[in-house]
Amino acid sequence: RSEDGTVRFALVGLGWWTREEAMPAIESSTFCETTVVVSGSHEKADRVAADTDTVTDALTYDEFLDGEARDAYDAVYVVTPNALHLPYVEAAAEYGKAVLCEKPIEASVERAERVVAAAESGDVPLMVAYRMQTDPAVRRARELVRDGEIGDPVQVHGHMSQRLMEVIPDPDQWRLDPDLTGYGATVMDLGIYPLNTARFVLDADPVSVGAQFTAEHEAFADVPDEHASFEATFDDGTEVSCTASQNAQRASSFRVVGTEGEILLEPVFYPDQTRFMTVRSGEQRVEVQVPPVNQMTEEFDYFADCLLSGASPHPDGEHGLADLRAIAAVYEAADTGERVVV
Ligand code: NDP
């Protein structure tokens, strides 16, 4: 940590999310500062650095891996394509730096295990960047479930969709390339939101899954999932059904139905929208609008606060690994047509 008590971050991978969401979020945070940026080219790193007052070092990936400028940062935010998280987590851990790693933690269960092992062997904190866990509406839903306001949860339905080829109109993008995205395009990128939010809200985990995918549009020729539907039986007995699509109208929702009531959040998973939250508990029905907070500022400040106070940040690597185990089971279930034990 720097002398003024802020946590200095190296940002690894300067894609749109880093430049348009993470950097402004860090700028508006209380405890964080961007001091190092890492990119494929010096030119891009220099250009991004020039837009800030705080960056002291602009590095290439090779320079970062070699440990250059490692006195200039305390923590590393890894925001590269899924299959390129591991090398940067390994380097960060080797240099004793705390890691905030984007979701999904890696491209496969085996590589995700290596991410967790790297942080353990370097004895550095590892948090996976599930921004929904900072969201006030989602956190309220978790409290209501925990306090029994809807009785015992019975069923959950979560949905997230977008039209990927309009959001990122590049047929060669990494999200459609199995070598970089991992098991597929839709559950890895979008289905993980309802799945992880269900785990967080219910405080429970999947034990078995079933799934069906379709992929017809030519952009999805190399991946199994353009549209995905999967359902998971959780260890508390709740049935969680999720749908996700990379080629449909932008939409998101999350509903928990219990023995005595229900909670509905819609929209929920995109960062910039007011959430409409409906809670029915017995005869009572309450509707509230929850304005969006900057989830990334919350996430960075929470992570930095943990580092500064010596607390262990959550969600940790094991939590991220549990998602990937469930997601691998979802892809296997869709492939075989069989139910798969997680
Ligand atoms: P982008 O494609 O926008 O950016 C990824 C960046 O990674 C590129 O700009 C590039 O940066 C770098 N990179 C390094 N190697 C490669 C390669 N071989 N191919 C492509 N890019 C490469 O991706 P996102 O920022 O959208 O996603 C990055 C990670 O963040 C993913 O794991 C994704 O799931 C996660 N994410 C999470 C979000 C959330 O809400 N929590 C939202 C969006 C993404 P450079 O040019 O600087 O080298």
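Residues numbered from 1 in each chain as written. Predicted model: local features only at pLDDT ≥ 70, side-chain atom pairs only at ≥ 80, totals over all residues. Heavy atoms only, no water.

**Topic: the domain arrangement of the protein**
Item 1. Looking at the protein, the domain boundaries give domain 1 (7-131 + 298-313) and domain 2 (132-293 + 323-341).
Item 2. Computed from C-alpha atoms alone, the centre-to-centre distance between domain 1 and domain 2 is 26 Å.
Item 3. Domain 1 puts 19 residues into the contact, and the matching count from domain 2 is 25 residues.
Item 4. With both sides pooled, the region where domain 1 packs onto domain 2 buries about 1,800 Å², and carbon together with sulfur makes up 60% of that total.
Item 5. Of all residues in domain 1, the largest losses of buried area upon contact with domain 2 belong to Lys 103, Tyr 130 and Arg 131, amounting jointly to 39% of the total for that side.
Item 6. Linking domain 1 to domain 2 there are two salt bridges.
Item 7. Applying the counting criterion to the domain 1 and domain 2 interface returns 13 residue pairs in polar contact (both at pLDDT 80 or more).
Item 8. At the level of secondary structure, the elements contributing two or more residues to the side of domain 1 that touches domain 2 comprise α1 (16-27), α5 (109-122) and α10 (295-309). (Domains from an automatic or database assignment. Contact = heavy atoms within 4.5 Å. Buried area = accessible area lost by both parts, 1.4 Å probe. Salt bridge = Lys/Arg side-chain N within 4 Å of Asp/Glu carboxyl O. Polar contact = N/O pair within 3.5 Å; in protein donor to acceptor, adjacent residues only side chain to side chain. Helix = DSSP H or I, 4+ residues; strand = E, 2+ residues; numbered from the N terminus.)

**Details of the site of the ligand**
Item 1. As a structural note, the neighbourhood of the ligand is formed by 23 residues, with Trp 16, Ser 39, Lys 44, Tyr 61 and Arg 131 the closest of them.
Item 2. In this structure, Lys 103 approaches the ligand through a main-chain N or O atom, which is 2.8 Å from an oxygen atom.
Item 3. Protein coverage of the free-state accessible area of the ligand, which is 890 Å², stands at 81%.
Item 4. In terms of domain composition, the shell around the ligand takes at least three residues from each of domain 1 (7-131 + 298-313) and domain 2 (132-293 + 323-341). (Near = heavy atom within 4 Å. Areas by Shrake-Rupley, 256 points an atom, 1.4 Å probe, with all protein chains shown as cover.)

**A short note on the nonpolar core**
For soluble globular proteins, nonpolar side chains are generally found buried alongside one another.
Item 1. Ranked by size, the top nonpolar core spans 80 residues in total, and within it Phe 64, Phe 254 and Met 277 carry the most contacts.
Item 2. Counting residues per element, this core draws most heavily on helix α9 (residues 187-202), at ten residues.
Item 3. Two domains each provide a minimum of three residues to this core, namely domain 1 (7-131 + 298-313) and domain 2 (132-293 + 323-341).
Item 4. Dropping the residues within four chain positions of it, Met 277 is found in contact with Ala 137, Arg 140, Ala 141, Leu 144, Ile 263, Leu 264, Leu 265, Val 286, Glu 287, Val 288 and Val 290.
Item 5. Counting residues in hydrophobic clusters, the runner-up holds 27 residues, among them Trp 17, Ile 26, Ala 49 and Phe 303. (Core = buried A, V, L, I, M, F, W, Y, C linked by side-chain atoms within 4.5 Å. Buried < 20%, exposed > 50% of the residue type's maximum accessible area, 1.4 Å probe, protein only.)

**Some details on the state of the cysteines**
Item 1. Counted by the stated rule, this structure contains zero disulfides.
Item 2. Considering cysteine sulfurs only, Cys 306 is the nearest to Cys 32, which forms no disulfide, with 11 Å between them.
Item 3. By relative accessible area, Cys 32 is classed as buried at 7%.
Item 4. With no disulfide of its own, Cys 101 lies closest to Cys 306 among cysteine sulfurs, the gap being 16 Å. (Disulfide = S-S within 2.5 Å.)

**Some words on the packing of aromatic side chains**
The relative placement of two aromatic rings is captured by the distance of their centres and the angle of their planes.
Item 1. Overall, the coordinates contain eleven aromatic pairs when judged by the stated rule.
Item 2. A ring pair is formed by Tyr 77 and Phe 300, whose centres lie 5.0 Å apart and whose planes are at 80°; its orientation type is edge-to-face. Placement of the pair is Tyr 77 in strand β4 (residues 75-78) and Phe 300 in helix α10, with a sequence separation of 223 residues. In terms of burial, Tyr 77 and Phe 300 fall into one category: buried.
Item 3. Consider the rings of Tyr 193 and Phe 269, whose centres lie 6.0 Å apart with planes at 50°: the pair is tilted. Here the residue Tyr 193 occupies a position in helix α9, and Phe 269 occupies one in the loop between β12 (261-266) and β13 (275-281), the gap between them amounting to 76 residues. (Phe/Tyr/Trp six-rings, centres within 6.5 Å; stacked < 30°, edge-to-face > 60°.)

**Description of the sheet that holds strand β3 (residues 57-60)**
In any sheet, the strands associate via hydrogen bonds between backbone groups, in a parallel or an antiparallel arrangement.
Item 1. Reading across from one edge, β3-β2-β1-β4-β5-β6 is the order of the six strands in this open sheet, with parallel pairing throughout. In this open sheet, the two edge strands, each paired with only one partner strand, are β3 and β6 (126-128). Across the sheet, the mean angle from the axis of one strand to that of its neighbour is 25°, orientation sign disregarded.
Item 2. Of the strand pairs in this sheet, strand β5 (residues 98-101) and β6 are connected by three bridges, and their pairing is parallel. Bridge pairing in β6 links Val 99 to Leu 126.
Item 3. Across the sheet, α1 touches β1 (7-12), β2 (32-39) and β4, and the angle it forms with β2 is around 160°. (Pairing = 2+ DSSP bridges. Axes fitted to C-alpha atoms, helices over the stretch in contact; angles between N-to-C directions.)

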